[in-house]
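# Observations on the three-dimensional arrangement
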Amino acid sequence: MTEPPERPGRHPQTLGHLEIQGSGGHLEIRDGHAESPRPERHQEAPGPGRQAPAVRPADSHVEIQQKLAAALADLVPDDPSIPPHPYLRRHLAQHAAQGHVLDDTHVPPALLPWETSAAVRRLLAAGESSSLRQQWLQAWAKLEPFTRDLTPLSRLASLQLAHHAATARHLPPERRGNPPEPFAESPVTPLWSDCASAENLWALTDPAVTSLTSVTPRGPRRTLVVAGDDHGAVRLLRPDGTAAAAPLALHQGAVTHLLPLADGLVVTAGTDGRVTVLDAHRARPIRQIHHRERAWVTSLIRHEQSEHAPALLAAYGDGHIAAFDAATFQPADIPLPVLESAPVLLQSTRLPGPADPPRTECGSPVRGGEAAVSGPPRSGTPVLLFAQHDTVGCFDGRTTARCSRHPAAVRALLALPDRSGRYAVALEDGSLALHDAAAPQLRLPAPTGTGPDTTQATALQVVEVENRQTLASASADGTVRLWELPALRPLHQALPGHSAPATALTAVTRDGHTRLYSAGLDSTIRTWPLSSAALQNPPPVWTPITASALSPPPMRLLATAEEARTKVWNIETGAEQLVHEGDSSTALAWVPLGTRLLLAAGMSDSSVALWDLTEGGTASTVRALTGHYSPALCLVPMIDDATALLAGGGADGRVLVWDLSTGRTVHSFSQHVFSVRCLASVHSRHGFLLASGGSDGNVRIWDLRRPPREAGGGHRSDPVTIRCEQHAVNDVAFFPLDNGGLRLATAGQDGSLKVWSVREGQGQGQEPVPGRQERSRERSYDGVDLVREFNPGDGELTAVTRFTDGRGRTVFAVAGRTGIHLWDATVDRPLLQAVTGYPVNTLKMAPQRASESAAPVLLATGEAGTMILRLDDKRL
């Protein structure tokens with residue numbers, strides 16, 4: 001479904017002349033152009049006893065827009081492969097919103113794959129229509145930021161998947177009914193979904209954003225959100241998430257700090273040690289203030305000190321603090337504390353004045369302080385807060401004192417904006433606390449989660465929720481949390497969204513409504529309205545799926561692992577079975593062994609469990625396979641008439657192969673330097689080949705026809721090794737050719753998919769070279785060449801699988817940062833992009849019988865859930 005080129009003066013449909021009459025006027029469309037409502041005709045004054053009719057222009061306008069939206073909706077073709085008139089694509093949603101009828105009836109789903117206004121999400125956020133009448137629009141709004149460069153066919157498939165995930169979770173096919181009419185001809189049909197949709201997405205960024213702030217203008221200019229990324233660029237974004245200007249390359253490292261000043265000025269600082277100033281409204285750099293070589297900026301603030309003009313302070317990783325006049329940006333000579341050579345965080349506050357209640361002493365001197373005090377800094381004076389290691393100190397321009405010491409290093413420091421002297425700290429152990437610079441005994445701890453590895457706070461921001469100051473914290477688990485002040489009690493539930501650690505926060509208030517923005521290492525910026533109504537019903541926090549597997553026919557069993565539970569779903573009936581609880585699974589694979597169906601699971605204790613799930617029976621443990629020193633990250637069975645093997649690759653860098661009939665380890669390979677991330681096997685003329693990819697960037701091909709060594713469980717021949725030059729190799733896939741040749745595909749951390757030819761033959765040993773294989777005297781495959789490369793431009797590629805369609809095309813499915821890409825490797829042509837809105841970690845084609853010619857079925861699993869799709873290659 002590609003949009004045909006439009007000839008001059010000719011459209012797929014002609015609107016001609018459309019006139020809508022309302023109670024107070026009318027609106028006309030002539031040849032696809034809307035004309036302003038005509039002024040009302042002069043009416044004679046009413047006679048005696050007659051009352052003049054009441055005319056409400058606002059109601060009249062709404063009525064006209066309602067009628068116009070209804071009339072235009074009737075012109076949308078029912079077949080989504082037919083492009084609607086350009087006016088409908090750009091303006092129908094706007095007419096429906098102005099008529100207060102922005103719903104699936106007045107904006108038909110068949111229009112959405114062609115919609116070009118890119119304003120549906122904004123219009124839905126501003127409207128008040130019932131969400132029950134907006135299911136398709138709501139699904140489209142979540143996809144809208146991803147779809148600007150997609151073809152209508154990709155938009156159609158993505159919309160169908162998003163709608164299914166939102167409305168048909170866990171529903172088996174017989175309870176879903178037929179596909180909706182606009183999507184009966186879609187190339188993708190969802191069969192099963194248990195996943196979250198892309199919630200609260202505001203903007204996509206590539207590379208990832210590392211700092212955020214906002215610029216509130218004076219006069220008619222719009223508020224801008226300013227984002228710094230980890231490649232040194234600063235982006236200026238409008239309220240709808242679109243770019244207000246081209247990115248500004250200001251730094252040679254990550255932009256870690258953004259400080260807004262008056263009149264749209266923003267000070268930036270980064271890991272390259274530079275401090276610069278830009279005019280956000282004009283999208284123009286002004287000047288570089290400072291550059292400290294071989295040091296990175298750890299903090300950037302505006303500070304007012306008694307008897308001195310306001311200054312900008314930039315702190316560095318070596319403990320140095322540089323000061324500049326906040327108006328002229330010239331170096332400022334002001335008193336500063338002398339600190340030890342270690343990273344320092346800064347904040348500016350003011351202690352309460354004489355009218356406030358008396359304060360207790362601040363405490364003992366800080367390590368490295370310039371001077372010590374026996375009491376707190378003078379009341380009513382500005383105070384500079386600084387944090388090094390586990391200690392927070394304060395400096396009032398004359399003396400330095402310790403304010404608080406903590407059980408772990410301080411990761412984030414924030415002074416409350418009420419100038420009360422209170423400040424919040426986030427520690428590396430995952431705790432959050434509130435302190436007072438003049439009352440060190442005040443400490444109210446509040447854990448930010450269950451453990452320091454996943455819940456460390458990465459950024460702090462004070463926002464207003466229902467006119468109350470609230471502390472917001474971004475976390476390493478990708479969530480945002482809100483805390484009541486000063487008690488630091490959790491406010492509502494955690495706000496999910498990011499699939500990687502959140503890195504920065506900012507807030508924007510417009511028309512009395514405040515929205516919170518968060519950036520993450522998943523290259524997204526997300527936003528939440530800070531109202532009680534919105535916060536009481538946040539999106540659900542989804543438990544990451546760590547592994548999944550789809551069984552071979554005739555059964556359709558889906559095994560999934562999340563947290564400490566392993567479950568099996570029958571996708572034909574919707575029945576659920578709990579297989580194991582109390583231990584997490586890191587890899588899953590179905591093993592058809594004769595008349596039995598086994599489920600293999602890599603466990604957290606480094607063993608591989610085998611469970612018998614033969615139809616009609618309960619799960620029973622067959623045995624545990626051992627040998628790994630770390631949990632298995634991937635499993636692949638190799639079954640034929642004479643062989644029943646299971647291979648496992650682990651975080652210990654080893655590949656083990658077990659004989660399932662005895663449970664013994666028959667092969668042990670340890671050539672990978674780091675963890676083994678993926679495995680793939682293929683049955684050649686004489687036995688199985690096994691490929692392993694790892695974090696060392698290499699793929700190794702093992703010929704299992706070679707007998708194992710007599711002792712040690714090793715292998716007599718060295719593997720063919722391909723240095724893929726893709727950083728880490730996340731997934732591999734074999735596919736044989738009709739002429740007897742063999743291909744191998746590798747999905748890389750660098751965002752590329754590479755296809756290699758593997759030729760049979762003999763060779764002599766030589767040193768490996770990039771893009772080629774190591775040569776060995778003992779091996780049966782020695783020809784490896786790069787034949788094709790595909791770069792979908794969707795970040796790191798995490799998974800790959802392939803199938804051959806009815807036309808004989810070799811089609812690859814690869815998973816990127818935001819979706820699934822189908823690529824015709826035969827002619828090197830992209831076919832489809834199905835947007836998921838979150839990273840997909842696993843892609844597997846469902847096993848088919850050799851006699852089956854049914855459409856291929858794809859299993860896609862990511863951090864936000866699982867989806868099973870049927871692909872109709874005739875429509876690709």
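Each chain carries its own residue numbering, running from 1 in the written order of its sequence. Side-chain atom pairs in this predicted model are given and counted only at pLDDT of 80 or more, local residue features only at pLDDT of at least 70, and totals for whole chains, interfaces and linings cover all residues. Only heavy atoms go into the side-chain values, all of them from the structure, while hydrogens and water stay out.

Before going further, it helps to spend a moment on the overall build of the protein chain. Put simply, DSSP H or I for four residues or longer makes a helix, DSSP E for two residues or longer makes a strand, and each gets a number counted from the N terminus. For the protein chain, the count of helices and strands is 8 helices and 57 strands. Buried residues in the protein chain amount to 55% of all 876 residues. Residue burial considers only the protein chains on display, and all accessible areas are found by Shrake-Rupley using a 1.4 Å probe. Summed over its atoms, the accessible surface of the protein chain is roughly 37700 Å², and 48% of this surface lies on carbon and sulfur atoms. Note on exposure labels: buried denotes an accessible area under 20% of the residue type's maximum, exposed denotes more than 50%, and partly exposed covers the range between, all computed with a 1.4 Å probe on protein chains only.

Let us look at the sheet that holds strand E46 (residues 720-723). Remark on secondary structure: sheet strands pair via backbone hydrogen bonds, oriented parallel or antiparallel. If you trace the 4 strands from one edge of the open sheet to the other, you get E43-E44-E45-E46, paired in antiparallel fashion. Because the sheet does not close on itself, it has two edges, and the strands there are strand E43 (676-683) and E46. With strand direction ignored, the average angle separating the axes of adjacent strands in the sheet is 15°. When strand E44 (residues 688-694) meets strand E45 (residues 698-703), the two strands line up antiparallel, connected through 5 bridges. Its bridge partner lying in E45, Gly693 is registered against Val699. Here, a strand pair is defined by DSSP locating no fewer than two bridges between the strands. To obtain an axis, a line is fitted to C-alpha atoms, over the contacting stretch when the element is a helix, and the angle between two such axes runs from 0 to 180 degrees between their N-to-C directions.

Here we take up the packing of helix H4 (residues 135-143) against helix H5 (residues 152-167). Across the interface, H4 lies against H5 with an axial gap of 9 Å and an inter-helix angle of 115°. Crossing of H4 over H5 shows right-handed handedness. Side by side, H4 and H5 meet where Gln135, Trp136, Ala139, Trp140 and Leu143 of the first sit next to Arg155, Ser158, Leu159, Gln160, Ala162, His163 and Thr167 of the second. Side-chain classes are defined by residue name, with Ala, Val, Leu, Ile, Met, Phe, Trp, Tyr, Cys and Pro counting as nonpolar, Asp, Glu, Lys and Arg as charged, and the others, Gly among them, as polar. Split into classes, the residues belonging to the contact of H4 with H5 amount to 6 nonpolar, 5 polar and 1 charged. The sense of a crossing depends on the near helix, which, turned anticlockwise from the far helix by less than a right angle, makes the crossing left-handed and, turned clockwise, makes it right-handed. For this analysis, residues touch if any pair of their heavy atoms sits within 4.5 Å.

Looking now at the pairing of strand E16 (residues 321-325). Burial analysis of E16 places 4 of its 5 residues in the buried class, the great majority of the element. Bridging between strand E15 (residues 311-316) and E16 involves 5 bridges; their strand directions are antiparallel. Bridge pairing in E16 links Leu312 to Phe324. Here E15 folds back onto E16, and the loop between the two strands holds 4 residues, one of which, Gly319, carries a positive phi near 90°.

With that out of the way, let us pick up the nonpolar core. Grouping buried Ala, Val, Leu, Ile, Met, Phe, Trp, Tyr and Cys residues that are joined through side-chain atoms within 4.5 Å yields what is termed a nonpolar core. Ranked by size, the top nonpolar core spans 31 residues in total, and within it Leu92, Leu102, Val107, Leu112, Leu137 and Leu159 carry the most contacts. At 6 residues, the largest contribution of residues to this core is made by H4. Excluding residues within four positions of it along the chain, Leu137 makes contact with Leu102, Asp103, Asp104, Val107, Leu112, Val120 and Leu124. In terms of nonpolar packing, the next biggest core, distinct from the first, is built from 28 residues, Val188, Ala815, Ile820 and Leu822 among them.

To continue, consider the environment of Val338. Following the sequence through the fold, Val338 ends up in the loop between E16 and strand E17 (345-350). Along the primary structure Val338 and His320 are separated by 18 residues, whereas in three dimensions their C-alpha atoms are 8.2 Å apart.

Our focus in this paragraph is the side chain of Thr391. For Thr391, the position within the fold is in strand E19 (residues 391-395). Using a relative accessible area of 5% as the deciding quantity, one classes Thr391 as buried. We define a polar contact as two N or O atoms separated by no more than 3.5 Å, with the added condition that, inside protein, one atom must be a possible hydrogen donor and the other a possible acceptor, whereas residues neighbouring each other in sequence contribute only through side-chain atom pairs. There is a polar contact of 3.0 Å between the side chain of Thr391 and the side chain of Asp390.

Within this analysis, patches are made of residues with over 30% relative accessible area and no salt bridge. Like charges are joined at 9 Å or less; nonpolar side chains (Val, Leu, Ile, Met, Phe, Trp, Tyr) at 5 Å or less. Whenever Lys or Arg places a side-chain nitrogen within 4 Å of a carboxyl oxygen from Asp or Glu, that contact is recorded as a salt bridge. His residues and chain termini do not enter the charge count, which takes Lys and Arg as positive and Asp and Glu as negative. Positions of charges follow a simple convention, taking NZ of Lys, CZ of Arg, CG of Asp or CD of Glu. A grouping of Arg122, Arg222, Arg238 and Arg510 is seen on the molecular surface, where their side chains present a positively charged patch. Of note, Arg222 is situated in the loop between strand E6 (209-215) and strand E7 (224-229).

The 4 strands lie next to each other as E5-E30-E29-E28, forming an open sheet whose pairing is antiparallel. Strands with a single pairing partner mark the edges of an open sheet, and in this sheet they are strand E5 (201-204) and strand E28 (502-510). Averaged over all adjacent pairs, the angle separating strand axes in this sheet is 20°, with direction ignored. The sheet contact formed by E5 and strand E30 (residues 524-529) spans 3 bridges and is antiparallel. The residue of E30 that forms the bridge with Ala203 is Ile525.

The next thing to look at is the environment of Gln134. Position of Gln134 among the secondary structure elements: in the loop between helix H3 (120-126) and H4. In the structure, Gln134 is positioned 29 residues away from Thr105 in sequence and 8.6 Å away in space, judged by C-alpha atoms. From its side chain, Gln134 meets the backbone oxygen of Leu102 in a polar contact 2.7 Å long.

What follows covers the pattern of salt bridges. On inspection of all chains with the given rule, the structure shows 18 salt bridges. Between Lys67 and Glu63 there is a salt bridge, and its shortest N-O distance comes to 3.3 Å. With Lys67 and Glu63 both in helix H1 (residues 57-73) and 4 residues apart, this pair spans about one turn of that helix. Note on Lys67: relative accessible area 37%, which makes it partly exposed. You can call Glu63 partly exposed: its relative accessible area is 25%. Ionic pairing is found between Arg481 and Asp477, a salt bridge with its closest N-O pair at 3.4 Å. A relative accessible area of 28% places Asp477 in the partly exposed class.

It is worth spelling out the packing of aromatic side chains at this point. Stacked, edge-to-face and tilted are the three classes for Phe, Tyr and Trp ring pairs, Trp counted by its six-membered ring, which pair at centre distances within 6.5 Å; planes under 30 degrees apart are stacked, over 60 edge-to-face, the rest tilted. Inspection of the entire model under this criterion finds 6 aromatic pairs. Here the aromatic rings of Phe669 and Trp702 are separated by 3.9 Å at their centres, their planes lie at 10°, and the arrangement is stacked. Here Phe669, found in strand E42 (residues 665-669), pairs with Trp702, found in strand E45; they are 33 residues apart in sequence, far enough to count as distant. According to the relative accessible area criterion, Phe669 is buried, its value standing at 1%. An aromatic cluster of at least three residues, connected via ring pairs, comprises Phe735, Phe790, Phe812 and Trp823. Note on geometry: a ring has a charge over it if NZ (lysine) or CZ (arginine) is within 6 Å of the ring centre and within 35 degrees of the ring normal. Stacked on the ring of Tyr316, the Lys or Arg Arg292 has its end atom at 5.9 Å from the ring centre.

Our next topic: the confidence of the model for the protein chain. A residue's pLDDT is the predictor's confidence in that residue, given on a scale from 0 to 100. Chain-level pLDDT for the protein chain is 81 on average; 80% of the residues reach the 70-or-more range. In the model, residues 2-13 has pLDDT below 50 throughout and makes 17 contacts with residues more than four positions away in sequence or in other chains. Here residues 355-374 is modelled with pLDDT under 50, and outside its nearest four sequence neighbours on either side it reaches 59 contacts, counting other chains as well.

In terms of burial, strand E54 (residues 829-835) is a largely internal element, 5 of the 7 residues being buried. Relative to E54, strand E53 (residues 819-824) is paired through 6 bridges, and the arrangement is antiparallel. If you follow Asp824 over to E54, its bridge partner there is Arg829. The hairpin turn running from E53 into E54, its antiparallel successor, is 4 residues long, and Asp828 in that turn takes a positive phi close to 60°.

When you line up the elements, Met867 lands in strand E57 (residues 865-871). For the pair Met867 and Ser193, spaced 674 residues apart in sequence, the C-alpha separation works out to 4.3 Å. Beyond its immediate sequence surroundings of up to four residues, Met867 is in contact with Leu161, Ala165, Trp192, Ser193, Cys195, Leu858, Leu859 and Ala860.

What follows is about the side chain of Ser551. Assignment of secondary structure puts Ser551 in the loop between strand E31 (545-550) and strand E32 (557-562). The exposure class assigned to Ser551 is buried, which follows from its relative accessible area of 0%.

Moving on to unusual backbone geometry. Residue Pro486 is bonded to the preceding Leu485 through a cis peptide linkage, with omega at 5°. Mapped onto the elements, Pro486 comes out in the loop between strand E27 (480-484) and E28. With a phi close to 50°, Glu563 is a non-glycine residue in the positive phi region. Of note, Glu563 is situated in the loop between E32 and strand E33 (565-570).

Along H4, the positions that sit buried rather than exposed are Trp136, Leu137, Ala139, Trp140, Ala141 and Leu143. Buried residues belonging to H4 abut H3, H5 and E54.

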